[in-house]
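Below, each chain spelled out in residue letters.
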Amino acid sequence: MLLVKQKWQDELIHTIGLLTMKEDRVVKKIVYHPLEFAKAVMSSDDDERPIRIRYFGVFALKPNRSKERTRKFQHIYKQYDI
């Protein structure tokens, strides 16, 4: 059995994953490829919070909404009124 010592970055990524309840591969993708992560998050309609990338700025969605998102919220509001 061969024991491989982890780099300190891998240990830090594992710790962040434990704290945020995310898998190590997800945290590693966010750390090493932040623009791909920003593109994936901003293209989904589930979350509209801005994303901050260190030394790069804040990315936020434009105020216009997609038709699918509008339909989803209208359905929620109708069910809430009932």
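Residues numbered from 1 in each chain as written. Predicted model: local features only at pLDDT ≥ 70, side-chain atom pairs only at ≥ 80, totals over all residues. Heavy atoms only, no water.

Enquirer: Sorry if this is basic, but what is going on with the pattern of salt bridges here?
Expert: Pairing between side chains of opposite charge can happen when their charged atoms approach one another. Scanning the model with the defined rule gives 3 salt bridges in all. Here Lys-28 ties to Asp-10 by a salt bridge, and the two come within 3.8 Å at their closest N and O atoms. In this pair, Lys-28 sits in helix H2 (residues 24-32) while Asp-10 sits in helix H1 (residues 8-20), placing the two residues 18 residues apart along the sequence. Residue class for Lys-28 comes out partly exposed when judged on its relative accessible area of 37%. (Salt bridge = Lys/Arg side-chain N within 4 Å of Asp/Glu carboxyl O. Helix = DSSP H or I, 4+ residues; strand = E, 2+ residues; numbered from the N terminus. Buried < 20%, exposed > 50% of the residue type's maximum accessible area, 1.4 Å probe, protein only.)

Enquirer: Even after reading the chapter, I still don't get the environment of Glu-48, so can you show me in this structure?
Expert: Secondary-structure assignment places Glu-48 in the loop between helix H3 (34-43) and strand S1 (51-53). What makes Glu-48 partly exposed here is its relative accessible area of 38%. Note: C-alpha distance between Glu-48 and Leu-61 (13 residues apart in sequence) is 6.5 Å.

Enquirer: I would appreciate a short explanation of the packing of H2 against H3 in the present structure.
Expert: Between two packed helices, both the angle of their axes relative to each other and the distance between the axes serve to describe the pair. Where H2 meets H3, the axes come as close as 5 Å, and the angle between the chain directions of the two elements is 110 degrees. One element, H2, and the other, H3, form an angle in the roughly perpendicular class. Here Lys-29, Ile-30, Val-31 and Tyr-32 of H2 lie close against H3, whose contacting residues are Pro-34, Glu-36 and Phe-37. Looking at the contact of H2 with H3 residue by residue, the class counts come to 5 nonpolar, no polar and 2 charged. (Axes fitted to C-alpha atoms, helices over the stretch in contact; angles between N-to-C directions. Parallel < 35°, antiparallel > 145°, perpendicular 65-115°, else oblique. Contact = heavy atoms within 4.5 Å. Nonpolar A, V, L, I, M, F, W, Y, C, P; charged D, E, K, R; others polar.)

Enquirer: Can you help me understand the packing of H1 against H2 in this one?
Expert: Two elements in contact, H1 and H2, have axes separated by 9 Å at closest approach and are oriented at 115 degrees. You can see that H1 and H2 cross each other, and the crossing is right-handed. Residues Gln-9, Asp-10, Ile-13, His-14, Ile-16, Gly-17 and Thr-20 of H1 form the contact with H2, whose participating residues are Asp-24, Val-27, Lys-28, Val-31 and Tyr-32. Here the residues of the contact of H1 with H2 sort into 5 nonpolar, 4 polar and 3 charged. (Left-handed = near helix turned anticlockwise from the far one by under 90°.)

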